[in-house]
Amino acid sequence: MLFKKMLRDMRQNLSQFIAIFLMSVLGVAVFAGINAEWNGMKYERDRYYEENRLPDLWLMGEDFSEADLTKVFEISGVEATSRRFIADAVMTSGKKPVLRIHIVENNEISKPHPVAGQPLDLSKDGIWLDCFFAEAHGIGVGDVIQAEIGGITVEKKVLGLIMHPEYIYCARDESQLFPQPENFGFAFMPRKALHHALPLPYNQLLIRLDSGADEKKVRTELENLLEGDYSLLLTHETHISTSMMDMEIRQNKAMGNVFPIVFFIIAALAMLTTMVRMTGNQRIQIGTLKAMGFSRRKILFHYVSYGVWIGLAGGLLGLLIGPLIVPPILFEMQRTIYYLPAWYAVLTPEAFTVVTIAVLCCGASSYFACRRELKDVPAACMRPKPPGTGRHTRLEKRAVWYKLGFSAQWNIRDILRSRVRSAMAVTGVAGCMTLLLCALGIQDTINGLGTWMYQDLHIYEYKINLKEDIQSDEIYALEQRYSGQLIQESAVEFRKDAKEKAGFLTVAEPGDQLRFQDPDQNPIDLPDSGVAMSYKMAELLDIKVGEEFKWRMSGDTKWYESRVTAIYRSPAGQGITMTKDTFEALSETMEPSAMLISGNGSDAVEMPGVKDVKSKEEMRAGLEKTLDSMQMLVGILILAAVILGSVVLYNLGALSFTERIRELATMRVLGFFPKQIRSLLSKQNIWLTVAGILIGIPCGYALITYMVSTLSDSIDMMAKVGSGTLILCITGTLVLSMSVSLMMSRRVGSIDMVSSLKAVE
Amino acid sequence: MEPLIRFQNVTKEYVTGEYRLRAADNINFEIHKGEFTVILGPSGAGKSTVLNLLGGMDRVTSGSILINGHDISEYDETRLTEYRRDHVGFVFQFYNLIPTLTVYENVALTGELVKNPLDAKEILASVGMGQHMSKFPAQLSGGEQQRVSIARAICKNPTLLLCDEPTGALDSETGVVILSLLQRMSRQQGHTVIIVTHNSALAPAADRVIWMRSGKIVDEVRNPSPVGVEEVNW
């Protein structure tokens with residue numbers, strides 16, 4: 001019978017219970033959806049790694065011998081090893097994209113995943129091409145492609161299209177923020193396809209460990225065994241693709257844990273206010289039930305069950321729709337950045353626990369709501385409740401109070417009297433503002449990143465990448481023709497105390513194509529002595545100006561010790577920068593890798609010694625693409641903001657309206673016009689909305705900062721929201737709040753004075 | 001002299017579902033300015049309906065209500081609100097004070113509505129509430145709340161002071177105090193006071209007594225020499 005009573009009570013307070021229901025659906029759906037998304041990615045990634053036998057360690061060197069291989073293989077914990085030759089080839093067609101060629105010794109570990117054509121077969125003569133690169137250039141199986149590698153031109157037939165677990169995140173190096181298959185791809189070739197034309201030293205050694213092997217121990221043994229024979233050791237933590245994939249999964253996990261909290265808080269608050277009001281209205285019923293002999297526990301159980309059922313129903317629906325709707329939307333974005341063979345959602349037990357959280361949130365708040373009503377003896381319950389107490393506020397002692405006028409006094413007291421309701425309104429509006437600001441602000445932030453990077457810091461229009469074997473007369477010719485600034489960019493390793501990081505070294509000739517800014521974004525010059533370190537790298541290594549650190553060029557064995565004399569902010573490519581003079585004072589020779597020019601340099605591709613030419617537009621295009629891929633996320637965030645804001649505000653409006661109907665009816669009888677009462681109500685609404693917006697702004701900034709900070713170690717991004725966007729978000733939140741309050745206040749006109757003021761029921 | 005209030009063939013029907021309740025059935029009466037009127041009858045007689053119609057809180061089904069010669073039954077919602085604001089002071093059985101406002105603020109609030117309000121402090125003093133001005137309704141007894149409620153109604157210096165069972169929730173001693181306060185408002189300050197009650201003992205104290213039963217007026221008595229409320233035998 002009591003279950004029937006519950007259903008009828010819910011029907012009577014439909015809008016409130018629907019709101020609570022929606023909040024628990026949203027909370028669970030967002031959590032379970034994102035959970036299923038990253039778990040799916042993780043599951044597929046692990047499967048992909050396993051199936052294609054991804055190595056655990058990569059060693060780079062000059063030429064690994066058969067003996068090296070045997071030595072490594074004998075280290076305990078090593079399961080398999082293989083050698084390969086890696087070099088960047090340049091396609092002769094079009095914009096001269098770079099193709100990273102892999103020539104493998106065997107196809108035992110780190111195997112490509114066939115997509116079209118035949119699978120990799122080392123006995124055949126041909127090339128297996130990155131399928132995204134092929135798609136970007138319109139190349140199909142059977143086509144013949146031409147590329148230049150080590151000075152000779154090679155022509156090969158495409159025998160198959162492939163994906164590869166080492167190229168889930170397919171970027172040429174850390175300075176490239178997003179995969180650009182039109183500029184960079186990879187390819188696999190059997191040794192016999194090339195070995196007549198070129199010496200093919202095995203410059204990479206791949207090691208796969210037994211599951212459960214101690215990676216640290218293997219690394220120490222490797223260092224002892226091969227001291228000096230290799231230049232760089234990559235692990236899953238430092239390999240660009242595996243580390244990016246890891247980061248992405250971690251970031252999604254963090255996001256999925258943060259967002260549902262907002263919805264659960266709202267669900268709990270909504271449950272609390274609704275149940276307080278309902279049990280308040282049902283005092284007489286509660287008294288009657290008690291008088292009939294229902295135990296306190298039984299009545300309590302009855303009211304708690306409202307929350308439990310609602311939380312359970314909402315949670316289960318959320319669990320059903322979240323994993324169905326959220327992952328496909330997020331995958332749409334992920335696909336443009338990460339290349340996995342398959343995309344699917346995986347539901348884990350964690351998703352089921354969160355239903356329990358929803359049930360607990362709603363159940364606990366209904367428990368707290370009705371506990372109070374149950375304290376009284378039955379006789380007291382059956383008497384009407386004494387009117388709520390007004391309280392004097394401290395403000396009243398000030399002279400200013402009397403100048404406020406009735407509506408302000410009434411509103412201030414009313415807010416203080418119903419603190420939970422007001423807090424909930426402020427939370428709802430703040431949440432709405434936070435999500436809105438995050439949605440629109442993140443676009444601004446990425447746009448700002450582009451402006452900052454490509455306008456404030458990188459002045460040049462074209463970057464001419466030079467071949468490694470470029471001759472000094474060829475450089476001279478380029479300087480004559482373009483009068484640009486030469487730079488050298490190399491991969492380096494940093495060491496500070498126990499911390500190790502990989503990063504970049506930039507050596508710059510005097511010139512003004514690169515600008516620098518201190519952490520507060522004031523322009524600075526490169527220091528004449530010592531090195532400048534990028535802000536993010538300094539943070540990662542915990543280095544301050546004036547402190548020393550060790551570094552070496554990847555592929556070198558010699559460690560340098562340098563002092564940081566300046567810190568600059570750099571959006572991408574974290575590391576150190578120094579002048580040519582400082583660099584050569586270390587008795588190193590600058591080997592320019594690129595020339596930066598401000599004029600048009602698109603014709604430099606034809607010049608000898610030039611690898612490729614990149615224009616600023618091309619580099620910016622990558623950013624635009626990311627922005628496009630974020631449209632969906634932005635849409636979801638805006639939708640969530642609107643649902644959150646309107647549901648909370650509508651629910652509260654309805655709640656406070658029924659709570660105060662007697663007061664409002666009295667005012668009508670006294671002769672207040674509906675218009676006056678509406679303005680009274682909307683005034684309070686505006687105050688709470690403004691408070692919510694004020695809280696929401698810093699929260700929004702924090703959320704943007706948090707989201708971009710989880711993006712990548714190599715990206716230094718600051719939350720940047722344009723004033724236009726900020727105004728748009730504020731206006732949007734205000735309009736939402738106003739329209740909900742307008743909808744609510746229509747009811748003022750239809751108050752039935754006679755029946756609202758009848759004796760207390 | 002032209003009467004202040006004139007009910008002409010006033011009928012009010014409530015329709016709930018398929019059931020029609022004729023709460024007021026062809027009512028006719030007159031009340032003059034400054035009179036202390038009591039509407040008497042058992043519960044369900046239609047007394048409150050008449051008072052609500054008079055106070056502009058409800059609309060007639062047919063007939064007309066003339067106040068100072070103006071037919072308020074033809075007023076639209078806006079003019080009815082103006083009528084309530086400028087001419088009617090209402091006192092409820094359950095006081096209906098605004099719980100978040102103090103005693104003084106509850107009275108002063110009404111003062112903000114009209115052009116020439118009386119001084120809130122003076123009125124509160126005159127109803128004996130001068131000591132409790134900064135208390136909240138929840139801190140007052142029922143009788144005290146009702147006095148504030150009367151002060152609130154008087155504050156706008158209304159043409160009509162309408163009281164719906166003003167002593168219904170009070171003990172009889174307090175009830176006498178409240179009723180004599182209302183009688184004083186009429187005798188000394190010339191307010192037109194109309195009280196709805198089911199307690200016929202009040203009849204001898206009124207200038208005019210209207211008896212109702214089942215939506216109809218069954219008797220109307222003009223009392224040339226009313227006694228003081230305190231002298232009535234309760």
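Quick caveat, the model's predicted, so the values are computed rather than measured.

**Regarding the overall build of chain B**
Then, number 1: Per the secondary structure count, chain B includes six helices and 10 strands.
Then, number 2: Across the 234 residues of chain B, 50% fall into the buried class.
Then, number 3: Within chain B, contacts between residues separated by at least 24 positions form 70% of all contacts whose residues are at least 6 apart in sequence.

**Describing the overall build of chain A**
Then, number 1: Helix and strand content of chain A: 21 helices and 21 strands.
Then, number 2: A burial count over chain A gives 42% of its 761 residues as buried.
Then, number 3: A separation of at least 24 residues holds for 85% of the contacts in chain A among residues at least 6 apart in sequence.

**Structural notes on the environment of A:Gln146**
Residue and element names in this part refer to chain A.
Then, number 1: With respect to the helices, strands and loops of the structure, Gln-146 is situated in strand 6 (residues 144-149).
Then, number 2: The spacing of Gln-146 and Lys-156 is 10 residues in sequence and 6.6 Å in space, taken between C-alpha atoms.
Then, number 3: In this structure, Gln-146 is in contact with Thr-92, Ser-93, Thr-153 and Glu-155, ignoring residues within four places of it in sequence.

**Structural notes on the sheet that holds strand 1 (residues 5-16) of chain B**
Residues and elements named next belong to chain B.
Then, number 1: The antiparallel open sheet is built from four strands, whose spatial order is 2-1-4-5. Pairing within the sheet leaves two strands with one partner each, and these edge strands are strand 2 (19-31) and strand 5 (70-71).
Then, number 2: Across two bridges, the pairing between strand 4 (residues 62-67) and strand 5 is antiparallel. Bridge pairing in strand 5 links Leu-66 to Asp-71.
Then, number 3: In this fold helix 1 (residues 47-54) packs onto strand 1, strand 2 and strand 4, with an angle of close to 65 degrees to the strand it touches most, strand 2.

**Here we look at the packing of helix 2 (residues 14-51) of chain A against helix 9 (residues 349-371) of chain A**
Residues and elements named next belong to chain A.
Then, number 1: Put simply, helix 2 and helix 9 touch, their axes get as near as 9 Å, and they point 160 degrees apart. Classed by the angle they form, the pair helix 2 and helix 9 counts as roughly antiparallel. Considering only the axes of helix 2 and helix 9, their crossing is right-handed. Contact with helix 2, carried on its side by Ile-20, Ser-24, Gly-27, Val-28, Phe-31, Ala-32, Asn-35 and Ala-36, involves Glu-350, Ala-351, Val-354, Val-355, Ala-358 and Cys-362 of helix 9 and no other residues of that element.
Then, number 2: Residues of the contact of helix 2 with helix 9, tallied by class, amount to 10 nonpolar, three polar and one charged.

**Some details on the sheet that holds strand 9 (residues 208-213) of chain B**
Residues and elements named next belong to chain B.
Then, number 1: Spatially, the six strands line up as an open sheet ordered 6-7-8-3-9-10, and their pairing is mixed. Pairing within the sheet leaves two strands with one partner each, and these edge strands are strand 6 (88-91) and strand 10 (216-222). Between one strand axis and the next, the sheet turns through 15 degrees on average, direction left out of account.
Then, number 2: In the sheet, strand 7 (residues 160-164) pairs with strand 8 (residues 192-197) via five bridges, with the strands oriented parallel. The partner of Leu-161 across the bridge, within strand 8, is Val-193.

**Description of the interface of chain B and chain A**
Bring the parts together and some accessible area is lost; that lost area is often taken as the interface size.
Then, number 1: Facing 23 residues of chain B, the contacting portion of chain A comprises 24 residues.
Then, number 2: Elements represented by at least two residues in the side of chain B that touches chain A include exactly helix 2 (77-87) and helix 3 (103-113) of chain B.
Then, number 3: A per-element tally of the side of chain B that touches chain A places helix 3 of chain B first, with five residues.
Then, number 4: Considering only residue class, the side of chain B that touches chain A consists of 12 nonpolar, six polar and five charged.

**Re the pairing of strand 2 of chain B**
All names here are of chain B.
Then, number 1: Bridging between strand 1 and strand 2 involves nine bridges; their strand directions are antiparallel. Counterpart to Tyr-14 in the pairing with strand 2 is Leu-21.
Then, number 2: As consecutive antiparallel partners, strand 1 and strand 2 are separated by two residues, and within that stretch Gly-17 has a phi angle of approximately 65 degrees, a positive value.

**So, the environment of A:Glu468**
All names here are of chain A.
Then, number 1: Among the secondary structure elements, Glu-468 is positioned in the loop between strand 11 (462-466) and helix 14 (472-482).
Then, number 2: Classification of Glu-468 as exposed rests on a count of 11 C-beta atoms within 10 Å.
Then, number 3: Along the sequence, Glu-468 and Val-610 sit 142 residues apart, while their C-alpha atoms lie 9.3 Å from each other.

**Let's talk about the environment of A:Gly431**
Residues and elements named next belong to chain A.
Then, number 1: Inspection of the secondary structure puts Gly-431 in helix 13 (residues 419-457).
Then, number 2: Overall, Gly-431 belongs to the buried group, with 25 C-beta atoms counted inside 10 Å.
Then, number 3: Sequence spacing of Gly-431 and Ile-697 is 266 residues, and the spatial spacing of their C-alpha atoms is 9.7 Å.
Then, number 4: In this structure, Gly-431 is in contact with Val-262, Ile-266 and Leu-644, ignoring residues within four places of it in sequence.

**Quick notes on the confidence of the model for chain B**
Then, number 1: For chain B, mean pLDDT is 86; residues scoring 70 or higher make up 99% of the total.
Then, number 2: With pTM at 0.68, the complex prediction returns an ipTM value of 0.71.

**A closer look at the pairing of strand 1 (residues 57-61) of chain A**
Residue and element names in this part refer to chain A.
Then, number 1: Most of strand 1 sits out of view: four of its five residues are buried.
Then, number 2: Inspection of the sheet shows strand 1 paired to strand 9 (residues 204-209) by four bridges, in the antiparallel sense. Opposite Trp-58, over in strand 9, you have Leu-206 as the bridge partner.
Then, number 3: Pairing analysis gives four bridges linking strand 1 to strand 10 (residues 230-234), with the strands arranged antiparallel. Counted as the bridge partner of Gly-61 is Tyr-230 from strand 10.

**Some thoughts on the nonpolar core**
Then, number 1: With 143 residues, the main nonpolar core has A:Ile20, A:Met23, A:Leu129 and A:Ala267 as its most contacted residues.
Then, number 2: The element best represented in this core is helix 6 (residues 240-281) of chain A, accounting for 18 residues.
Then, number 3: With 81 residues, the next largest nonpolar core counts A:Ile751, B:Ile72, B:Ile98 and B:Ile217 among its residues.

**Side note on the confidence of the model for chain A**
Then, number 1: When the pLDDT values of chain A are averaged, the result is 83; 92% of them are 70 or greater.
Then, number 2: Within chain A, no element has a lower average pLDDT than helix 10 (residues 378-382) of chain A, which sits at 57, and none a higher one than strand 5 (residues 127-130) of chain A, at 93.

**Thoughts on the packing of helix 6 of chain A against helix 13 of chain A**
Helix packing geometry: the angle between the two helix axes and the distance between the axes.
Residue and element names in this part refer to chain A.
Then, number 1: Relative to each other, helix 6 and helix 13 sit at 155 degrees, their axes nearing to 10 Å. In terms of axis orientation, helix 6 runs roughly antiparallel to helix 13. The crossing of helix 6 and helix 13 is left-handed. Contact residues: helix 6 offers Val-262, Ile-265, Ile-266, Leu-269, Ala-270, Leu-272 and Thr-273, while helix 13 offers Val-420, Arg-421, Met-424, Thr-427, Gly-428 and Gly-431.
Then, number 2: Here the residues of the contact of helix 6 with helix 13 are counted per class, giving eight nonpolar, four polar and one charged.

**A short note on unusual backbone geometry**
Phi is mostly negative for residues that are not glycine, and the peptide bonds are mostly trans.
All names here are of chain B.
Then, number 1: At Asn-157, a residue that is not glycine, the phi angle is positive and equals roughly 50 degrees.
Then, number 2: Phi angles above zero are rare outside glycine, and Glu-165 is one such case at about 45 degrees.
Then, number 3: Within the secondary structure, Glu-165 is located in the loop between strand 7 and helix 6 (172-189).

What counts, and at which threshold
- Residues numbered from 1 in each chain as written.
- Chains lettered and ligands numbered in written order.
- Predicted model: local features only at pLDDT ≥ 70, side-chain atom pairs only at ≥ 80, totals over all residues.
- Helix = DSSP H or I, 4+ residues; strand = E, 2+ residues; numbered from the N terminus.
- Buried ≥ 20, exposed ≤ 12 C-beta atoms within 10 Å, placed from the backbone.
- Contact = placed C-beta atoms within 7 Å.
- Pairing = 2+ DSSP bridges.
- Axes fitted to C-alpha atoms, helices over the stretch in contact; angles between N-to-C directions.
- Parallel < 35°, antiparallel > 145°, perpendicular 65-115°, else oblique.
- Left-handed = near helix turned anticlockwise from the far one by under 90°.
- Nonpolar A, V, L, I, M, F, W, Y, C, P; charged D, E, K, R; others polar.
- pLDDT = per-residue confidence, 0-100.
- Core = buried A, V, L, I, M, F, W, Y, C linked by C-beta atoms within 7 Å.

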